[in-house]
Amino acid sequence: DANLGRYILTVDDDDSQNNNNDDTDDKFKGQKRLPLKGKPIDPDFGPRGRSPIEREKQLDIPTALRFCLSGALCSSGAHLLLTPIDVVKTKVQTNPTKYSGGVFAAFGMVAEEDGLKAFVTGWEPTFLGFFLWGGTSYTLTEFFRRLLTSSLSSSGGGVSPSLEVPIILGSAAIAAVFGSCIISPFESVRIRSVAKPDFADSIFGVLTRMVSEEGVISLFSIVPVFMSKEIPFAMAKFTVFDLSTDFMYETFPAAREDLQLSLLVSVAGGILGGISAAIVSNPADATISEMKKAKTDMGPVEAAKVILDRAGIPGLFKGLGLRIFFYSLLVSLQFLVYDSVRFALGIGADDLKLYLDVLGSALRESSGGG
């Protein structure tokens, strides 16, 4: 339709005996739009409407590198900004008896006993570790999402809607396995530097002493338990983010066309994703802190038993309130920066789609064009 500036899919009265939709303009009397069912991917053509005319671009090396940079900047930047909260969270988990007066009391005690500089303890391994972690995790999540989508797509169209969530879960879990191996040594050094401020004079000193006294393997001893934290964390974060932002875009379609509204949706989805991720990963996070607060041969099972013996099940959720606050801010900042950098680098959602004008010739013929 030239006036509407879009294609209108209609059927004749003779072919629409079961179609009782009378919400049409007088211009289209005798013709009625087909009913829409399922996810409104396209307002006129239904869930499969874009399948013939829209394809996702291949993830080539330049695009993958831009995803890597986006993930690296969003993760390292957000963690660096929230280092003071992370420091207090670690102290609460490693010494719950001392810091039992609540969040604000813990902040006050740290400031009084160790000074304001204590709030940036361990920023070096935090920044470097999450720079590498973010670049790897976000890129691999995107890669495996595309790979699984391509593998599970039907021959005549896209992937079944029922497989969308499993694909997100699977890709996030696979990426989290690689990310856990990367971040574990950095987190081992960070936790030791926060829990034992007098362990060494610098982060490099902490690393050197840990390696000389406990061996290189000690830096990776938390990998299994870190996976038990990071896999559900990543699965919850990406799944809740994707589902919640999809819902918000369906509820407020105009947000897709406005950059500021789109980034606001990213922030809201990140808050929900962060809250969910914090809850499901808290027991593993408490176990990691117990293992790495001091030199020990304690494994994850023994560490969990120590926590349970000391405080029972609630001990595994020690610091949950602070973690919810921390990760709701962290994940919302991550996705805000991630989407902002993606848009700036030209790898936003619409930048990665190829639109095929398969109906253009039909429209030109109907309007008398060549």
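It should be emphasised that the depicted structure is a prediction, and the values quoted were computed from it without experimental measurement.

### Some thoughts on the packing of aromatic side chains
The way to describe two aromatic rings as a pair is by their centre distance and the angle between their planes.
Link 1 in the chain: Considering all chains together, one arrives at 12 aromatic pairs under this definition.
Link 2 in the chain: Of the aromatic side chains, those joined through ring pairs into one cluster are Phe130, Trp133, Tyr138, Phe238, Phe241, Phe335 and Tyr338.
Link 3 in the chain: It is Arg192 that lies over the ring of Phe199; its NZ or CZ is 5.0 Å from the centre.
Link 4 in the chain: Of note, Arg209 hangs over the ring of Phe199, and the distance from its end group to the ring centre comes to 4.1 Å.

### Observations concerning the environment of Ser160
Link 1 in the chain: Positionally, Ser160 belongs in the loop between helix 4 (123-152) and helix 5 (164-195).
Link 2 in the chain: The exposure class assigned to Ser160 is partly exposed, which follows from its relative accessible area of 28%.

### Description of the confidence of the model for the protein
Residues shown with low pLDDT carry predicted positions that ought not to be read at fine detail.
Link 1 in the chain: Averaged over all residues, the pLDDT of the protein equals 78, while 76% of them reach at least 70.
Link 2 in the chain: Helix 6 (residues 203-214) holds the highest mean pLDDT among the elements of the protein, 92, whereas strand 2 (residues 31-33) holds the lowest, 45.
Link 3 in the chain: Every residue in residues 4-9 is under pLDDT 50, and counting partners more than four places away or in other chains gives 19 contacts.
Link 4 in the chain: Scored below 50 in pLDDT, residues 11-19 makes 15 contacts in the model with residues more than four places away or belonging to other chains.

### Let's talk about the layout of surface pockets
Unfilled space is identified by rolling a water-sized probe across the atoms.
Link 1 in the chain: Counted as a void, the second largest pocket has a volume near 380 Å³.
Link 2 in the chain: Taken together, 20 residues make up the lining of the second largest pocket; nearest its centre are Lys117, Thr121, Ser193, Pro197 and Ala200.
Link 3 in the chain: Secondary-structure elements contributing two or more residues to the lining of the second largest pocket are helix 2 (83-94), helix 4, helix 5 and helix 6.
Link 4 in the chain: Taken together, the residues of the lining of the second largest pocket break down into nine nonpolar, four polar and seven charged.

### With respect to helix 6
Link 1 in the chain: With 12 residues, helix 6 extends 16 Å between its outermost C-alpha atoms, agreeing within 8% with the 16 Å of an ideal straight helix rising 1.5 Å per residue.
Link 2 in the chain: Of all the residues in helix 6, the buried ones are Ile203, Val206, Met210 and Glu214. For helix 6, the angular spread of the buried residues around the axis is 55°, confining them to a single face. Seen from the open side of helix 6, the exposed residues pointing more than 90 degrees away from its buried face are Phe204 and Ser212.

### With respect to the packing of helix 5 against helix 6
The axes of two packed helices give the description: the angle between them and the distance between them.
Link 1 in the chain: Two elements in contact, helix 5 and helix 6, have axes whose closest approach is 10 Å; the angle formed by their N-to-C orientations is 105°. Considered as vectors, helix 5 and helix 6 are oriented roughly perpendicular to each other. Contacts from Ser188, Val189, Arg192 and Ser193 in helix 5 reach Ile203, Val206, Leu207, Met210 and Glu214 in helix 6.
Link 2 in the chain: When its residues are assigned to classes, the contact of helix 5 with helix 6 shows five nonpolar, two polar and two charged.

### Some words on empty space enclosed by the protein
Link 1 in the chain: Scanning the model with the defined rule gives two cavities of 30 Å³ or more in all.
Link 2 in the chain: Taken as a whole, the largest cavity encloses approximately 190 Å³ of empty space.
Link 3 in the chain: Lining of the largest cavity is provided by 22 residues; of these, His79, Phe130, Glu187, Lys229 and Tyr327 occupy positions nearest its centre.
Link 4 in the chain: Of all the elements in the fold, those that place two or more residues in the lining of the largest cavity are helix 2, helix 4, helix 5, helix 7 (223-251), helix 8 (259-292) and helix 11 (320-345).

### With respect to a nonpolar patch on the surface
Link 1 in the chain: Side chains of Leu80, Val120, Trp123, Phe127, Leu128 and Leu132 sit close together on the surface and give an oily, nonpolar patch of about 500 Å² of accessible area.
Link 2 in the chain: Mapped onto the elements, Leu132 comes out in helix 4.

### Topic: the packing of helix 7 against helix 8
Link 1 in the chain: Orientation of helix 7 relative to helix 8, taken along the N-to-C sense of each, is 165°, at an axis distance of 8 Å. Overall, the two elements helix 7 and helix 8 adopt an arrangement that is roughly antiparallel. Crossing of helix 7 over helix 8 shows right-handed handedness.
Link 2 in the chain: By residue class, the composition of the contact of helix 7 with helix 8 is 18 nonpolar, 11 polar and three charged.

### Things to note about the pattern of salt bridges
Link 1 in the chain: In this structure the tally under the stated criterion is 14 salt bridges.
Link 2 in the chain: The closest approach of N and O atoms between Asp285 and Lys89, which form a salt bridge, is 3.2 Å. Of this pair, Asp285 sits in helix 8 while Lys89 is found in helix 2, placing the two residues 196 residues apart along the sequence. Residue Asp285 shares its accessibility class with Lys89, and that shared class is buried.
Link 3 in the chain: Among the ionic pairs, Glu187 bridges to Arg190, the shortest N-O distance being 2.8 Å. Residue Glu187 and its partner Arg190 are located together in helix 5, separated by three residues, close to a single helical turn.
Link 4 in the chain: Judged by relative accessible area, which is 3%, Arg190 ranks as buried.
Link 5 in the chain: Each member of the salt-bridge network shares a partner with another, and the members are Asp86, Lys89, Glu187, Arg190, Lys229, Asp285 and Arg323.

### Quick notes on the environment of Val267
Link 1 in the chain: In this structure, Val267 sits in helix 8.
Link 2 in the chain: Overall, the relative accessible area of 23% leaves Val267 in the partly exposed class.

The rules we used
- Residues numbered from 1 in each chain as written.
- Predicted model: local features only at pLDDT ≥ 70, side-chain atom pairs only at ≥ 80, totals over all residues.
- Heavy atoms only, no water.
- Phe/Tyr/Trp six-rings, centres within 6.5 Å; stacked < 30°, edge-to-face > 60°.
- Lys NZ or Arg CZ within 6 Å of the ring centre and 35° of its normal.
- Helix = DSSP H or I, 4+ residues; strand = E, 2+ residues; numbered from the N terminus.
- Buried < 20%, exposed > 50% of the residue type's maximum accessible area, 1.4 Å probe, protein only.
- pLDDT = per-residue confidence, 0-100.
- Contact = heavy atoms within 4.5 Å.
- 1 Å grid on protein atoms, 1.4 Å probe; cavity = no way out; pocket = protein on both sides within 12 Å on 5 of 7 lines; lining within 4 Å.
- Points joined across faces, edges and corners; volume = space filled by probe spheres on them.
- Nonpolar A, V, L, I, M, F, W, Y, C, P; charged D, E, K, R; others polar.
- Expected span 1.5 Å × (residues − 1).
- Arc of directions from axis to C-beta.
- Axes fitted to C-alpha atoms, helices over the stretch in contact; angles between N-to-C directions.
- Parallel < 35°, antiparallel > 145°, perpendicular 65-115°, else oblique.
- Patch = residues over 30% accessible without salt bridge, like charges linked within 9 Å, V, L, I, M, F, W, Y side chains within 5 Å.
- Areas by Shrake-Rupley, 256 points an atom, 1.4 Å probe, with all protein chains shown as cover.
- Salt bridge = Lys/Arg side-chain N within 4 Å of Asp/Glu carboxyl O.
- Left-handed = near helix turned anticlockwise from the far one by under 90°.

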